[in-house]
Amino acid sequence: MKPVKVGIIGCGNISHVYFTNLKKYPQVELVAAADIDIERAKARAVEFNLSKAYTVEQLLADPEIEIVVNLTIPKAHASVCLQALEAGKHVYVEKPIVVTREEGKQVLELAEKKGLRVASAPETFLGGGIQTCRKLIDEGAIGMPVSATGFMLCGGHESWHPDPEFYYEIGGGPMFDMGPYYLTAFVTLLGPIRRVTGSARITHAERTITSEKKRGKLIQVETPTNITGVLDFENGAIGTLLTSFDVPGGTSLPNIEIHGSKGSLIVPDPNGFGGKVKLRRAGGDWEEIELTHGHIDNNRGIGVADMARAIREGGEHRANGTMAYHVLEAMHGIHDASRDGKHYVMESTCARPEPMPALEAQSQ
């Protein structure tokens, strides 16, 4: 297929792995970098041998670019996505897709009106770890799925991130930062969510940055940092998701477990592409399962390549905007339920994304 030309907007901390990987996928041709700080765009262009270092406006005006990869901070996701769609570009955006449900609807509606595609991170569910788990569940290895648990507990990002303030603004917090990985994995494995409830709190009103660039600066916390959600899936399974930036001592809890009528499954960290998969059938012991799918290294950017494939060949891209919006609504629903003291019934739904080809199919 003819590669799809791609430009990246946002040359911050997360961009390096995207620049690295998008130079490798044959489905895309990375041609430009842009940032509100033109010097950062120029630096990335030099680093990755790109001929075009742009302002945001210049990149959006370039007729060659078909996909815009939006790596800006969350509160800028919606405005950049809308600008890109208005400019006739398909959009792939870092998680969460946008900050508010209203923004999410605007983005999806404009994309549909323009006949363009929207995709969103996380794309880690396309890796061999979660895809192997998907295959096991689909083949009935654990029987009928009954329950799911997910745990993401840490001490926050101010100890390592050079610019951690946005993690504590509206649209940040552990649910909006890390919840997309877990909820996208849940939807991939179990299907869409019917309703949610939960509890959330701001544990510390202020946080102190301890990373070197801004060491000692105080952050005013605007969003809950300790959240527990309960999810009722359309297939009848019930899930629990704990996310926290208030556990500096770490945890020994698993990332994700899925339990069924005939057994249980340990799912690897959804923030990665590979990892160990373990299966325990009823009456048996835990056994490690050999991964049936590839893409087990840090393949951030594979969602862009998959969207490029769909643009050229047709069909749905897997990390699609409909699923990303469903995940966004679930995260807001958990916060709403905590505030209102009741269940939140989901308005959106989505299909489970198509599985990736297994290693055997790839080799053929």
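Everything below is about the structure shown above.
Residues numbered from 1 in each chain as written. Predicted model: local features only at pLDDT ≥ 70, side-chain atom pairs only at ≥ 80, totals over all residues. Heavy atoms only, no water.

J.: Any chance you could explain empty space enclosed by the protein here in plain terms?
T.: Rolled over the atoms, a probe as big as a water molecule pinpoints where empty space is left. Taken as a whole and judged by the stated rule, the model has 2 cavities of 30 Å³ or more. In terms of lining, the largest cavity is formed by 15 residues, of which the most central are Ala 121, Pro 122, Thr 184, Ala 324 and Val 327. Where the lining of the largest cavity is concerned, the elements lending two or more residues are α7 (173-190) and α9 (321-340). Examining the composition of the lining of the largest cavity, we find that 5 residues originate from one element, α9, more than from any other. A breakdown of the residues in the lining of the largest cavity according to their chemical character gives 11 nonpolar, 3 polar and 1 charged. A volume near 40 Å³ is recorded for the second largest cavity. Its residues assigned to classes, the lining of the second largest cavity comprises 3 nonpolar, 2 polar and 2 charged. (1 Å grid on protein atoms, 1.4 Å probe; cavity = no way out; pocket = protein on both sides within 12 Å on 5 of 7 lines; lining within 4 Å. Points joined across faces, edges and corners; volume = space filled by probe spheres on them. Helix = DSSP H or I, 4+ residues; strand = E, 2+ residues; numbered from the N terminus. Nonpolar A, V, L, I, M, F, W, Y, C, P; charged D, E, K, R; others polar.)

J.: Help me understand the environment of Asp 336 in this model?
T.: Structurally, the position occupied by Asp 336 is in helix α9. The spatial distance from the C-alpha of Asp 336 to the C-alpha of Ala 358 is 39 Å, given a sequence separation of 22 residues. Sequence-distant contacts of Asp 336, that is, excluding residues within four places in its chain, are made with Arg 101 and Tyr 344. (Contact = heavy atoms within 4.5 Å.)

J.: Got a minute to help me understand the pattern of salt bridges in this structure?
T.: Between side chains of opposite charge, pairing is possible as soon as their charged atoms come close. Evaluated as defined, the whole model comprises 30 salt bridges. Residue Lys 5 is joined to Glu 64 by a salt bridge in which the shortest nitrogen-to-oxygen separation is 3.0 Å. Of the two residues, Lys 5 sits in strand β1 (residues 4-9) while Glu 64 sits in the loop between α3 (56-61) and β4 (67-70), which places them 59 residues apart along the sequence. Its relative accessible area of 37% is what places Glu 64 among the partly exposed residues. For the salt bridge of Lys 114 with Glu 86, the shortest nitrogen-to-oxygen distance reads 3.5 Å. Residue Lys 114 is located in helix α5 (residues 101-114), and its partner Glu 86 is located in helix α4 (residues 74-86); the two are separated by 28 residues in the primary sequence. Three or more residues joined by partner-sharing salt bridges are found here, namely Asp 163, Glu 165, Lys 213, Lys 214 and Lys 217. (Salt bridge = Lys/Arg side-chain N within 4 Å of Asp/Glu carboxyl O. Buried < 20%, exposed > 50% of the residue type's maximum accessible area, 1.4 Å probe, protein only.)

J.: Where do I start with helix α8 (residues 302-313) in this structure?
T.: Structural remark: α-helix, 3.6 residues per turn; residues separated by three or four positions point the same way. Taking 1.5 Å of rise per residue, the 12 residues of α8 would be expected to cover 16 Å, and the 16 Å separating its terminal C-alpha atoms lies within 8% of that figure. Within α8 the residues assigned to the buried category are Ile 302, Gly 303, Val 304, Ala 305, Asp 306, Met 307, Ala 308 and Ala 310. Buried residues along α8 sit in contact with β1, α1 (15-22), β2 (28-34), β4, β5 (90-93) and β6 (118-120). (Expected span 1.5 Å × (residues − 1).)

J.: Hey, could you run me through the packing of α7 against α9 in this one?
T.: Axis separation between α7 and α9 bottoms out at 9 Å; the angle between their running directions is 120°. The angle between α7 and α9 falls in the class oblique. Read as a crossing pair, α7 and α9 show a hand that is right-handed. Every residue of α9 that contacts α7 at Met 175, Phe 176, Gly 179, Pro 180, Leu 183, Thr 184 and Val 187 is listed here: Met 323, His 326, Val 327, Leu 328, Ala 330, Met 331, His 332, Ile 334 and His 335. In terms of residue class, the contact of α7 with α9 is built from 11 nonpolar, 5 polar and no charged. (Axes fitted to C-alpha atoms, helices over the stretch in contact; angles between N-to-C directions. Parallel < 35°, antiparallel > 145°, perpendicular 65-115°, else oblique. Left-handed = near helix turned anticlockwise from the far one by under 90°.)

J.: Before we go on, may I ask you to explain the sheet that holds strand β17 (residues 344-345) in this structure?
T.: In sheet architecture, strand pairing relies on hydrogen bonds along the backbone and comes in two forms, parallel and antiparallel. Read from one edge to the other, the open sheet built from 9 strands follows the order β16-β15-β14-β13-β7-β12-β11-β8-β17, with strand pairing classed as mixed. Each edge of the open sheet carries a strand with a single partner, namely β16 (287-289) and β17. Bridge analysis of strand β13 (residues 256-260) against strand β14 (residues 263-267) gives 4 bridges, and the strand direction is antiparallel. Considered in β14, the bridge of Ile 258 is made with Leu 265. Running at roughly 155° to strand β7 (residues 145-153), α7 makes contact with β7, β8 (193-201), β11 (226-233), β12 (238-244), β13 and β14 of the sheet. (Pairing = 2+ DSSP bridges.)

J.: What's the story with the layout of surface pockets in this structure? I'm lost.
T.: As a volume, the largest pocket reaches approximately 1100 Å³. Lining the largest pocket are 42 residues; nearest its centre among them are Ile 14, Leu 71, Thr 72, Ile 73 and Phe 166. No other element matches the 6 residues that α4 contributes to the lining of the largest pocket. Here the lining of the largest pocket is composed, by residue class, of 19 nonpolar, 12 polar and 11 charged. A volume near 270 Å³ is recorded for the second largest pocket. If you trace the second largest pocket, you find 14 residues lining it, with Leu 108, Glu 109, Glu 112, Gly 321 and Thr 322 closest to the centre. Sorting the residues of the lining of the second largest pocket by element identifies α5 and α9 as the ones contributing at least two each. Counting residues per element, the lining of the second largest pocket draws most heavily on α5, at 5 residues.

J.: Hey, could you run me through the pairing of β8 in this one?
T.: Where a strand is regular, its side chains alternate between the two sheet faces. One ladder, built from 8 bridges, connects β8 with β11; its direction is antiparallel. Within the sheet, the bridge partner assigned to Arg 195 lies in β11 and is Asp 232. In this structure, β8 lies alongside β17, joined through 2 bridges in antiparallel fashion. Opposite Val 196, over in β17, you have Tyr 344 as the bridge partner.

J.: It is not clear to me how the environment of Lys 52 should be interpreted in this structure. Could you clarify?
T.: Tracing the chain through its elements places Lys 52 in strand β3 (residues 52-54). Each C-alpha atom of the pair Lys 52 and Leu 30 lies 9.9 Å from the other, and the pair is 22 residues apart in sequence. Every residue in contact with Lys 52, bar those within four places of it in the chain, is listed here: Val 31, Ala 32, Ala 33, Ala 45, Asp 62 and Glu 64.

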